[in-house]
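Next come the chains, spelled out residue by residue.
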Amino acid sequence: MTERITLEVPASLSALPTVRLVLGGLGARLDLSLDDVDDLFLATDRLLEAALGAEDLTDFRLVCLVDESSLRITAGAFRSQRLRDQVADTPGGCIDLCLLLRRLADEVVVEEDGDGFRVVIVKHRTKPAP
């Protein structure tokens, strides 16, 4: 069964500990390793920091989908072409934030959302379910 958790926090670096707390709890439920949880923290932190620098945001919205094998974090919607260029794998290649996200997560997807986009970060469980 998939569980959905929606988290909306102020668009501020001071909100990141709250995001980490939620992600850490979800990672623990999936029995993710500490390294995997730390990867999620870093990927999410860097994405939200880049969004702050590229857009005039009032809040961050994250939707987390948890099932027995993975944690899927969807952030956005965003509208900044600058941010899209930082996270998307383009014909010119994947650099900077894009490369970091792809090294930290098992999957990174940019999903279209009307006139904006969302960034999806997925971490899969590597251990079998207890």
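Preceding block: the structure.
Draft legend 1. Looking closely at the overall build of the protein chain. Each helix and strand counted, the protein chain has four helices and five strands in total. When the helices and strands of the protein chain are placed in sequence order, the string is β-α-α-β-β-α-α-β-β. In terms of overall size, the protein chain behaves like a compact globule, its C-alpha atoms giving a radius of gyration of 14 Å where 130 residues would be expected to give roughly 14 Å. Summarising its shape, the C-alpha atoms of the protein chain cover approximately 45 × 35 × 25 Å along the three principal directions. Residues classed as buried in the protein chain amount to 44% of the 130 residues present. Residue pairs at least 24 apart in sequence account for 66% of intrachain contacts in the protein chain once pairs closer than 6 positions are excluded. Summed over all atoms, the accessible surface of the protein chain reaches about 6900 Å², with 51% contributed by carbon and sulfur.

Draft legend 2. Molecular detail of the pattern of salt bridges. Inspection of the entire model under this criterion finds ten salt bridges. Ionic pairing is found between Lys-123 and Asp-36, a salt bridge with its closest N-O pair at 3.6 Å. Here Lys-123, found in strand S5 (residues 116-124), pairs with Asp-36, found in helix H2 (residues 34-54); they are 87 residues apart in sequence, far enough to count as distant. The pair formed by Lys-123 and Asp-36 is uniform in burial state, with each residue classed as buried.

Draft legend 3. Representation of the pairing of S5. S5 sits mainly inside the fold: seven of its nine residues count as buried. Judged from the eight bridges that link them, strand S3 (residues 70-78) and S5 form a sheet pairing that is antiparallel. Counterpart to Leu-71 in the pairing with S5 is Lys-123. When strand S4 (residues 107-113) meets S5, the two strands line up antiparallel, connected through seven bridges. Across the sheet, the residue bridging to Glu-112 is Phe-117, located in S5. Linking S4 back to S5 in an antiparallel pair, the connection comprises two residues, with Gly-114 at a positive phi of about 65 degrees.

Draft legend 4. Structural detail: the packing of aromatic side chains. As enumerated under the stated definition, the model contains one aromatic pair in all. With centroids separated by 5.9 Å and ring planes inclined at 50 degrees, the aromatic side chains of Phe-78 and Phe-117 adopt a geometry described as tilted. Of this pair, Phe-78 sits in strand S3 while Phe-117 is found in strand S5, placing the two residues 39 residues apart along the sequence. Accessibility expressed as a relative area gives 0% for Phe-117, which makes it buried.

Draft legend 5. Looking closely at the packing of helix H1 (residues 16-29) against H2. The geometry of H1 relative to H2 is characterised by a closest axis approach of 10 Å and an angle of 145 degrees between their N-to-C directions. Relative to H2, H1 is oriented so that their crossing is right-handed. Contact residues: Leu-16, Val-19, Arg-20, Leu-23, Gly-24 and Gly-27 in H1; Val-37, Leu-40, Phe-41, Thr-44, Asp-45, Leu-48 and Glu-49 in H2. Among the residues making up the contact of H1 with H2, the classes are represented as seven nonpolar, three polar and three charged.

Draft legend 6. Region of interest: the nonpolar core. Grouped together as the largest cluster of nonpolar side chains are 38 residues, with contacts concentrated most on Leu-71, Phe-78, Leu-83, Val-87, Val-119 and Ile-121. Those residues in contact with Leu-83 that lie beyond four places of it in its chain are Ala-50, Ala-51, Ala-54, Glu-55, Phe-78 and Phe-117.

What counts and how
- Residues numbered from 1 in each chain as written.
- Predicted model: local features only at pLDDT ≥ 70, side-chain atom pairs only at ≥ 80, totals over all residues.
- Heavy atoms only, no water.
- Helix = DSSP H or I, 4+ residues; strand = E, 2+ residues; numbered from the N terminus.
- Rg over C-alpha atoms; globule rule 2.2 N^0.38 Å.
- Buried < 20%, exposed > 50% of the residue type's maximum accessible area, 1.4 Å probe, protein only.
- Contact = heavy atoms within 4.5 Å.
- Areas by Shrake-Rupley, 256 points an atom, 1.4 Å probe, with all protein chains shown as cover.
- Salt bridge = Lys/Arg side-chain N within 4 Å of Asp/Glu carboxyl O.
- Pairing = 2+ DSSP bridges.
- Phe/Tyr/Trp six-rings, centres within 6.5 Å; stacked < 30°, edge-to-face > 60°.
- Axes fitted to C-alpha atoms, helices over the stretch in contact; angles between N-to-C directions.
- Left-handed = near helix turned anticlockwise from the far one by under 90°.
- Nonpolar A, V, L, I, M, F, W, Y, C, P; charged D, E, K, R; others polar.
- Core = buried A, V, L, I, M, F, W, Y, C linked by side-chain atoms within 4.5 Å.

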